[in-house]
Amino acid sequence: MKNISLDIRKAAQFLEPGAVKAFEPQVKAAQKALEDGTCPGNGFLGWLHLPSSITPDFIAQLQACAKTLRDNCEVVVVAGIGGSYLGARAIIEALSNSFAWLVGDKRNPTILFAGNNIGEDYLAELTDYLKDKRFGVINISKSGTTTETALTFRLLKRQCEQQRGKEEARKVIVAVTDARKGAARTCADKEGYASFVIPDNVGGRFSVLTPVGLLPIACAGFDIAGLVAGAQEMEKACGASVPFDENIAAQYAAVRNALYQKAGKKIEIMVNYQPKLHFMSEWWKQLYGESEGKDKKGIFPASCDFTTDLHSMGQWIQDGERTIFETVISIEQPNKTLHFPYDEENLDGLNFLAGKRVDEVNKMAELGTQLAHVDGGVPNIRISMPLLNEHYLGQLIYFFEIACGISGNVLGVNPFNQPGVEAYKKNMFALLDKPGYEADSKAIKERLAKEQ
């Protein structure tokens, strides 16, 4: 079976000859530091060999829990934010029927995502939708006190108990949380919920292959064993002992850093030509943005869905400031077949496409765009996936994770912390008069009064 592949030739041409290869010593040292546990943030390396540690018995436990939810729920709400939902959503959206909501597939529950915002209208509309539904909840939170998720879970827990009774609600509420501590763990133990552990040494954005991602994906009816198997293959293919010229994660980390440090490319645009991959880009943006964006360093991660966004962002990409490069995820073979029809009147002038597969047109759009953007000064990296299925998505997930760990170390930051995300929380809690924030509350309110 083929693996996903990487082509960096149309990015390397924007660098001095040998510039990517020159990063090999730094990349090897960075990956060795990951393996040896000597890099910054070494307390959060549990993801590194996670795929190979997942056993069939553990997968069976997740599938059994998912079956209980599938058998007893029309809707399963995944409550989580950031890494606690983006990975699961990325996989589920990639594998689902694009119109699943309208098709009404009765074999699988509808999977909804909440706890990732504080939108009053969103939550009111969600709870209203669930009023006549047999629903369950997967509450994903290490602490149980993250504002967005805790607020949502409080609402959903009460509604589920009111509609189904406490005994039945207990069967369809699952906690994915810390092994021993935190509000979510306390609640799960007190109420008797089924629960799974978020490992202490795996940060949220690296947690797709833990129960954080695997349980919702299994609830949606997808093959988590295949996802894990793909990740296991990529763990081997991108291991520290694999030569640089064969290690696609090492090469991706090297070319990104070369473009950033040697060519002034500060923005990476993740591009897909398959709309099902939209949330894969959203997961990727958190993975790289939160891992590398610190110490006043880091490539800014952005994303576009092509060809859609060629009609909105295409002008800027083609002719705007030359601080960008593109990484394109290309699916070699779609799962469906659809041909362009012939039309007698040919009013749209498209009969030259009659008989061609839609994907052939899409591939020519991809190739034509690549040529135009490269000619316009945009380095282009291409990641090719043979098919869009669980196996290759598992490969893609691990490829991006290991490349991110290597790349962050080469950049010289701690890829596994996120000190910058706490600043807004401190201000928000102070403005809401949360106990313990009295001094901050006074200072912030005085500042705001002066600014007004």
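Refer to the structure above for everything that follows.
This section reports on the structure supplied with the text. Keep in mind it's a predicted model, so treat the numbers as computed, not measured. (Residues numbered from 1 in each chain as written. Predicted model: local features only at pLDDT ≥ 70, side-chain atom pairs only at ≥ 80, totals over all residues. Heavy atoms only, no water.)

## Describing the packing of helix 12 (residues 224-237) against helix 17 (residues 390-411)
Thinking step 1. Put simply, helix 12 and helix 17 touch, their axes get as near as 6 Å, and they point 45 degrees apart. Looking at the two axes, helix 12 sits oblique to helix 17. Viewed along their axes, helix 12 and helix 17 form a crossing whose handedness is right-handed. Across the interface between the two elements, Gly226, Leu227, Ala229, Gly230, Ala231, Glu233, Met234 and Glu235 of helix 12 pack against Glu390, His391, Leu393, Gly394, Gln395, Tyr398 and Phe399 of helix 17.
Thinking step 2. Residues belonging to the contact of helix 12 with helix 17 are distributed by class as follows: seven nonpolar, five polar and three charged. (Axes fitted to C-alpha atoms, helices over the stretch in contact; angles between N-to-C directions. Helix = DSSP H or I, 4+ residues; strand = E, 2+ residues; numbered from the N terminus. Parallel < 35°, antiparallel > 145°, perpendicular 65-115°, else oblique. Left-handed = near helix turned anticlockwise from the far one by under 90°. Contact = heavy atoms within 4.5 Å. Nonpolar A, V, L, I, M, F, W, Y, C, P; charged D, E, K, R; others polar.)

## What to know about the pattern of salt bridges
Thinking step 1. Applying the stated criterion across every chain, the model contains 28 salt bridges.
Thinking step 2. Measuring nitrogen to oxygen at the nearest pair gives 3.2 Å for the salt bridge that ties lysine 131 to aspartate 128.
Thinking step 3. Judged by its relative accessible area of 57%, lysine 131 is exposed.
Thinking step 4. Accessibility expressed as a relative area gives 47% for aspartate 128, which makes it partly exposed.
Thinking step 5. In this structure, the salt-bridge partner of lysine 285 is glutamate 282, at a minimum N-O distance of 3.0 Å. On the criterion of helical spacing, the pair formed by lysine 285 and glutamate 282 is a turn pair, its members being three residues apart in helix 14 (residues 278-292). (Salt bridge = Lys/Arg side-chain N within 4 Å of Asp/Glu carboxyl O. Buried < 20%, exposed > 50% of the residue type's maximum accessible area, 1.4 Å probe, protein only.)

## Remarks on the sheet that holds strand 8 (residues 300-305)
Thinking step 1. Taken together, the five strands give an open sheet; going across it, the order is 1-10-9-7-8, and neighbouring strands pair in mixed fashion. A strand with exactly one partner marks an edge of an open sheet, and here the two such strands are strand 1 (5-7) and strand 8. Across this sheet, the average inter-strand angle for adjacent strands is 20 degrees, counted without regard to direction.
Thinking step 2. By the bridge criterion, six bridges tie strand 7 (residues 267-272) to strand 9 (residues 324-331) in an arrangement that is parallel. By the bridge assignment for strand 9, methionine 270 is matched with threonine 327. (Pairing = 2+ DSSP bridges.)

## Thoughts on a negative patch on the surface
Thinking step 1. Together, Asp343, Glu344, Glu345 and Asp348 line one region of the surface with negative charge.
Thinking step 2. Here glutamate 344 shows up in the loop between strand 9 and helix 16 (358-375).
Thinking step 3. Looking at glutamate 344, the relative accessible area reads 69%, which means it is exposed. (Patch = residues over 30% accessible without salt bridge, like charges linked within 9 Å, V, L, I, M, F, W, Y side chains within 5 Å. Areas by Shrake-Rupley, 256 points an atom, 1.4 Å probe, with all protein chains shown as cover. Lys, Arg positive; Asp, Glu negative; His and termini not counted. Charge placed at Lys NZ, Arg CZ, Asp CG, Glu CD.)

## Describing the packing of helix 13 (residues 248-262) against helix 17
Packed helices, taken two at a time, are described by their axes: the angle between them and the distance between them.
Thinking step 1. Between helix 13 and helix 17, the shortest axis-to-axis distance is 8 Å and the interhelical angle comes to 40 degrees. In this view, helix 13 runs oblique relative to helix 17, as classed from their interaxial angle. Here the hand of the crossing between helix 13 and helix 17 comes out right-handed. On helix 17, the residues that touch Ile248, Ala249, Ala250, Tyr252, Ala253, Arg256, Asn257, Tyr260 and Gln261 of helix 13 are Phe399, Phe400, Ile402, Ala403, Ile406, Ser407, Val410 and Leu411.
Thinking step 2. In terms of residue class, the contact of helix 13 with helix 17 is made up of 13 nonpolar, three polar and one charged.

## Focus on the packing of aromatic side chains
How two aromatic rings sit relative to each other is given by the distance of their centres and the angle of their planes.
Thinking step 1. A full pass over the atoms with the stated rule returns 13 aromatic pairs.
Thinking step 2. Aromatic side chains tyrosine 273 and phenylalanine 306 sit 5.6 Å apart centroid to centroid with 75 degrees between the ring planes, which places their arrangement in the edge-to-face category. Linking tyrosine 273 in the loop between strand 7 and helix 14 with phenylalanine 306 in the loop between strand 8 and helix 15 (314-319), this pair joins segments that are 33 residues apart in sequence.
Thinking step 3. On the basis of relative accessible area, phenylalanine 306 is assigned to the buried category, the value being 4%. (Phe/Tyr/Trp six-rings, centres within 6.5 Å; stacked < 30°, edge-to-face > 60°.)

## Some words on the nonpolar core
For soluble globular proteins, nonpolar side chains are generally found buried alongside one another.
Thinking step 1. Core analysis: the biggest nonpolar cluster contains 121 residues, and Trp47, Leu215, Tyr252, Trp283, Leu393, Phe399 and Phe400 have the highest contact counts within it.
Thinking step 2. When residues of this core are assigned to their parent elements, the largest contribution, 13 residues, is made by helix 17.
Thinking step 3. In this structure, tryptophan 47 is in contact with Leu34, Asn201, Val202, Phe206, Tyr398, Glu401, Ile402, Gly405 and Phe416, ignoring residues within four places of it in sequence.
Thinking step 4. Val271, Ala302, Cys304 and Phe306 belong to the second largest nonpolar core, which has ten residues in total. (Core = buried A, V, L, I, M, F, W, Y, C linked by side-chain atoms within 4.5 Å.)

## With respect to empty space enclosed by the protein
Thinking step 1. Going through the model one piece at a time under the given rule, you end up with two cavities of 30 Å³ or more.
Thinking step 2. The space that makes up the largest cavity amounts to roughly 40 Å³.
Thinking step 3. Taken together, Tyr273, Phe306, Glu326, Val328, Glu366, Thr369, Gln370, His373, Asn380 and Arg382 make up the lining of the largest cavity.
Thinking step 4. Those elements that place two or more of their residues in the lining of the largest cavity are strand 9, helix 16 and strand 10 (380-385).
Thinking step 5. If you tally residues by element for the lining of the largest cavity, the top one is helix 16, at four residues.
Thinking step 6. Of the residues belonging to the lining of the largest cavity, the class tally is three nonpolar, four polar and three charged.
Thinking step 7. Lining of the second largest cavity is provided by Gln31, Glu35, Leu48, His49, Glu235, Cys238, Gly239, Ala240, Tyr398 and Ile402.
Thinking step 8. Secondary-structure elements contributing two or more residues to the lining of the second largest cavity are helix 2 (24-36) and helix 17. (1 Å grid on protein atoms, 1.4 Å probe; cavity = no way out; pocket = protein on both sides within 12 Å on 5 of 7 lines; lining within 4 Å. Points joined across faces, edges and corners; volume = space filled by probe spheres on them.)

## Considerations on the layout of surface pockets
Thinking step 1. Space inside the largest pocket adds up to approximately 1100 Å³.
Thinking step 2. Lining the largest pocket we find 40 residues, and of these Ala100, Trp101, Pro109, Thr110 and Ile111 sit closest to its centre.
Thinking step 3. Going through the elements one at a time, helix 4 (56-72), helix 5 (86-95), helix 6 (100-103), strand 3 (110-114), helix 7 (120-129) and helix 14 are the ones with two or more residues in the lining of the largest pocket.
Thinking step 4. Classifying every residue of the lining of the largest pocket gives 19 nonpolar, nine polar and twelve charged.

## Observations concerning the pairing of strand 8
Thinking step 1. The pairing of strand 7 with strand 8 spans six bridges and is parallel. Directly across from glutamate 268, in strand 8, lies its bridge partner proline 301.
Thinking step 2. Taking the sense of rotation as the criterion, the β-α-β connection linking strand 7, helix 14 and strand 8 turns out right-handed. (Right-handed = clockwise from strand over helix to strand, strands pointing away.)

## Brief notes about the environment of lysine 265
Thinking step 1. Assignment of secondary structure puts lysine 265 in the loop between helix 13 and strand 7.
Thinking step 2. The class for lysine 265 is buried, based on a relative accessible area of 7%.
Thinking step 3. Residues lysine 265 and isoleucine 299, spaced 34 residues apart in sequence, show a C-alpha to C-alpha distance of 7.7 Å.
Thinking step 4. In this structure lysine 265 touches Leu259, Tyr260, Ile299, Arg322, Thr323, Ile324, Phe325, Gly377 and Pro379, once residues within four positions along its chain are discounted.

Bear in mind that shape data such as this cannot, by itself, settle questions of function.
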